[in-house]
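Observations on the model geometry
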Amino acid sequence: MTIAEAAASRTATPTPTWRTDLAVAVAAALAVVLFHAVSGFATLADFRGDNDNLMRLAEVRDLIGGQGWFDLHQYRMGPAGGFVMHWSRLVDAPIAALILLGEALTGSRAAGETAALVAWPAMLFAAALFSILRGARSLGGGEAVLPALVIGGAALHFISIFAPGAIDHHNVQLALTLGMIAALAGPAPGWRGGAAAGACAAIMLAVGMETAPYVAAGGLAAAALFLAGGAEGRRVAAGFGAAFAALAALAFAATVDPAAWGPPACDAYSVAQFAVAALCGAGLAAAAGAAGLSATPARRLVALGLIGAAAGGLAVAFFPQCLADPYAGLDPRLKTYWLSAITEAQSLKAVLSTAPAMAVSYYATPVLAALLLGAGMLTPAGRRREAAVVLGFLAVAVAVSAWQVRGAMFSIPIATIALSAWIGRRRKLAAAAPSPRNTLTMAAAWLVSINVAWTAAAEQLLPLETASAMATPAGRAKACHRAADYDRLAALPAGGVLAVSNLGAPILRYTPHRVLAGPYHRNVDGNLLAIRAFMEGEASALAIVREQGIAYVALCPGNDETKTFAAWAPDGFLAELGRSTAPGWLEPLADGGGGALTIYRVLPAR
């Protein structure tokens, strides 16, 4: 069967519209919200160590409070004057709008915030699941939709970036990535499908540099369709390129301060990313739209080669610093005492050696899906394009997760598109030829496609990570992950706080204080000062406290970072403070009946 015949057969048979899939996705999102409501929205009271969600709310509050649209300073973190964050207002804006809408309806800013913290992740969950359903339907037909709903919804729940309170940009980026896949893998995507994918790619790039590999995957997919020839491929490439270039320009004008249009920034959207995106997008659209350039395979290949060479030359000539390791310029002390301790930044090799159960949980289903796609087991006649698109994105996601485990947040949901098609085929076969063998094979396909099944098996058969106690409720209760842990600190007069970086974002979120350290690579000076204060002796700590105008020292003995610093510097100030009485310049504050946080007031110099 040819591609044209396959497309004709699909259009001849009535299929549920995109509205059906959207309704299912919204219903699933509402069911998830109901599930969290029954449990009392636990993730709103216990942030489980995810500092970025708290930092995002602090940033949104600053925007609502009157901080300029282009002013990305975080004035309450770091030394006096703060530092410039690298996040995008494209994520701040809709959250701020939801908060203000909630406030207008309820008359309470706090109620508006709570409503936004629930609604925003739920909306993104629905968008992500909708794209999984569309992708699975395109790849595996109607039989793949039910599996996509079950294992796709389970995967989105498993990665925890759509829970109430999850307002970090990672869920936005994942929803956009899945949207790109659904658009490019859809039946006869044409100009509209290409434009939708290009728009998703441009917005992703503007939101954050972490998803640059997926942006590249989308561009390569559009270029491959153009290279393969045919009117359909040219329309997809033209739509992708035009939308990518246009949205890249619009995002640059809308989110980058005109005063900062000149200097490039490698970790945030700037002239470097905009210039390369505009060149590639406009070049692809022009090549696909020009009959002379797209007439033969050789001409198409030459056109794509010229675009790639021009983009590469532009980057090398004007932005060579952005081609290096993103952490190459990070202070060596921060690499040793901060970056090396971030779990989500570890490589597959490191995870295999320290937490094999985690490795199985994060990599089993993506690798299985990639093997099935690579072996051609999910490629029915006429759907090779769909399979190639999904495999391309999945290969990129697996490669990223091998470099840093955080990539699993993308590879696991992408894998469900392919696995749903696989289960759909087994369901169809079991229905057409009922037998114990076919039924058992279908059941096995269901089982091994559900990520949680691999997690449960790994936890039973493999050794857990050494810090697994922190994953238990009792462990989290001692790690200062609860909103209530900061009540006593919030009640004190506003002032500077010396604390480990893990406490920086929650202190901004739950208190009016300024904090020196926070887990953000641009806060170099503040983090280095905190490291010196805690790891060097008391005299050094006192000098830094006086110099930085610190009013309080806050310790969390149960937090991993506290334990790590104490182990690295057993004679340092933090370790000494944890095992002996406070020096004369610190006044311990009574905890009032318990609390994971230990607070000291800095006494005036005599």
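The sections below set out a description of the structure shown in this document. (Residues numbered from 1 in each chain as written. Predicted model: local features only at pLDDT ≥ 70, side-chain atom pairs only at ≥ 80, totals over all residues. Heavy atoms only, no water.)

**Considering the overall build of the protein**
Applied cut-off: Numbered from the N terminus, helices here are DSSP runs of H or I no shorter than four residues, and strands are runs of E no shorter than two. Put simply, the radius of gyration uses C-alpha atoms, and a globule should come to 2.2 Å times the residue count raised to 0.38. Contacts between residues were defined by any pair of non-hydrogen atoms, one from each residue, lying within 4.5 Å. Here the accessible surface of atoms and residues is derived via Shrake-Rupley with a 1.4 Å probe, and residues count as covered only by protein chains that are part of the display. When charges are counted, Lys and Arg are positive and Asp and Glu negative, with His and the chain ends excluded. All charge positions are set by atom: Lys at NZ, Arg at CZ, Asp at CG, Glu at CD.
The secondary structure content of the protein amounts to 27 helices and seven strands. Here the protein has a C-alpha radius of gyration of 26 Å; the compact-globule value for 606 residues is 25 Å, and the two agree. Considering only C-alpha atoms, the protein reaches an extent of 90 × 60 × 50 Å along its principal axes. Counting contacts in the protein only where the partners sit at least 6 residues apart, residues at least 24 apart contribute 72% of the total. When the accessible surface of the protein is split by element, carbon and sulfur atoms take 67% of a total near 25,400 Å². Averaged over its 40 positive side-chain charges, the protein has a centre that lies 11 Å from the centre of its 35 negative ones.

**As for the sheet that holds strand β4 (residues 514–515)**
Note the threshold: When DSSP finds two or more bridges between two strands, those strands count as paired.
Pairing in this open sheet of five strands is mixed, and the strands run β4-β3-β5-β7-β6 from one edge to the other. The sheet terminates laterally at β4 and β6 (586–588), the two strands that pair on one side only. Inspection of the sheet shows strand β5 (residues 550–555) paired to strand β7 (residues 598–602) by four bridges, in the antiparallel sense. Within β7, the position partnered with L555 by the bridge is T598.

**Regarding the state of the cysteines**
Put simply, the rule is: By definition, disulfides here are pairs of cysteine sulfur atoms that lie within 2.5 Å. Relative accessible area decides the class of each residue, using a 1.4 Å probe on protein chains only: under 20% of the type maximum gives buried, over 50% gives exposed, and in between gives partly exposed.
Within this structure, the stated rule accounts for two disulfides. Disulfide pairing places C266 opposite C322 at an S-S distance of 2.1 Å. Across the disulfide from C266 to C322, rotation about the S-S bond amounts to roughly -85 degrees, and the bridge is consequently left-handed. With C266 in the loop between α11 (231–255) and α12 (271–289) and C322 in the loop between α13 (297–318) and α14 (332–337), this residue pair connects regions lying 56 residues apart in the sequence. What makes C322 partly exposed here is its relative accessible area of 26%. With a sulfur-sulfur separation of 2.1 Å, C480 is cross-linked through a disulfide to C556. One disulfide, between C480 and C556, carries an S-S torsion of 105 degrees and so falls in the right-handed class. Of the two residues, C480 is situated in the loop between α21 (473–477) and α22 (487–490) and C556 in the loop between β5 and α26 (560–568); the sequence distance between them amounts to 76 residues. Looking at the protein, its bonded cysteines, counted consecutively from the start of the sequence, adopt the pairing 1-2, 3-4. Between C200, a cysteine without a disulfide, and C280, which holds the nearest cysteine sulfur, the sulfur-to-sulfur distance is 18 Å. Of all cysteine sulfurs in the structure, the one in C322 sits closest to C280, which takes part in no disulfide; the separation is 15 Å. C280 sits in the partly exposed class, given a relative accessible area of 25%.

**With respect to the nonpolar core**
Worth spelling out the cut-off: Within this scheme, the nonpolar core is defined by two criteria: the residues are buried Ala, Val, Leu, Ile, Met, Phe, Trp, Tyr or Cys, and they are joined through side-chain atoms within 4.5 Å.
Ranked by internal contacts, the top residues of the largest apolar core, which has 108 residues, are L156, F162 and Y269. The dominant element in this core, judged by the number of residues it contributes, is helix α18 (residues 408–432), at 13 residues. Leaving out residues up to four positions away in the same chain, F162 has contacts with P121, L124, F125, A128, L156, N171 and L174. Of all hydrophobic cores here, the second largest spans 58 residues; its members include Y486, A533, I544 and V553.

**Section: helix α8 (residues 170–185)**
This is how the line gets drawn: Helix span is expected to be 1.5 Å times the residue number reduced by one.
The end-to-end C-alpha distance of α8 is 22 Å, a good match for the 22 Å that 16 residues give at a rise of 1.5 Å each. Among the 16 residues in α8, 16 count as buried, and that is most of the element.

**Let's talk about the pairing of β5**
The buried fraction of β5 amounts to five of the six residues, a majority that puts the element mostly inside the structure. With three bridges connecting them, strand β3 (residues 496–498) and β5 associate as parallel partners. Directly across from V497, in β5, lies its bridge partner Y552.

**Here's the deal with α13**
For clarity, the threshold we go by: The directions from the helix axis to the C-beta atoms form the arc being described.
Taking 1.5 Å per residue as the helical rise, α13 with its 22 residues ought to reach 32 Å, and the 32 Å between its terminal C-alpha atoms agrees with that figure. Regarding α13, the residues found buried are R300, A303, L304, I307, A311 and A315. End-on, the buried residues of α13 take up no more than an arc of 100 degrees, which puts them together on one face. For α13, the exposed residues lying more than 90 degrees away from the buried face are L301, V302, L306, A309, V316 and A317.

**Regarding the pattern of salt bridges**
This is how it is decided: By convention in these notes, a salt bridge is any Lys or Arg side-chain nitrogen within 4 Å of a carboxyl oxygen on Asp or Glu.
With the rule as written, the count across this model stands at 14 salt bridges. Note that E59 and R56 form a salt bridge whose closest N and O atoms lie 3.1 Å from each other. Placement of both E59 and R56 in helix α4 (residues 51–64) is noted, with a separation of three residues, approximately one turn of the helix. There is no split in this pair, since E59 and R56 are both buried.

**Topic: the packing of aromatic side chains**
Note the following rule: Put simply, two rings from Phe, Tyr or Trp (the six-membered ring, in Trp's case) pair if the centres are within 6.5 Å, and we call them stacked under 30 degrees between planes, edge-to-face over 60, tilted for the rest.
This model, assessed by the stated rule, comprises 13 aromatic pairs. Here F158 and Y362 contribute two aromatic rings whose centre-to-centre distance is 6.4 Å and whose plane-to-plane angle is 75 degrees, an arrangement assigned as edge-to-face. A residue pair is termed long-range when its members are at least 10 positions apart, and F158 in helix α7 (residues 145–158) and Y362 in helix α16 (residues 356–374) qualify at 204 residues. Residue class for F158 comes out partly exposed when judged on its relative accessible area of 21%.

**As for the packing of helix α2 (residues 18–38) against helix α6 (residues 109–140)**
This is how it is decided: Axis definition: a line fit to C-alpha positions, over the contact stretch in the case of helices; interaxial angles, taken between N-to-C directions, run 0 to 180 degrees. Angular relationships are summarised with four words: roughly parallel below 35 degrees, roughly antiparallel beyond 145, roughly perpendicular across 65 to 115, and oblique for the angles in between. When the near helix sits turned anticlockwise from the far one by under a right angle, the crossing is termed left-handed; a clockwise turn instead gives a right-handed crossing.
For the pair α2 and α6, interaxial distance at closest approach is 8 Å and the crossing angle is 140 degrees. The angle between α2 and α6 falls in the class oblique. The element α2 and its partner α6 pack so that their crossing is right-handed. For the pair α2 and α6, contact is made by W18, D21, L22, V24, A25, V26, A28, A29, V32 and V33 and by V118, A122, F125, A126, L129, F130, L133, R134 and R137, respectively.

Note that every value here comes from positions in space, so none of it alone points to a role or purpose.
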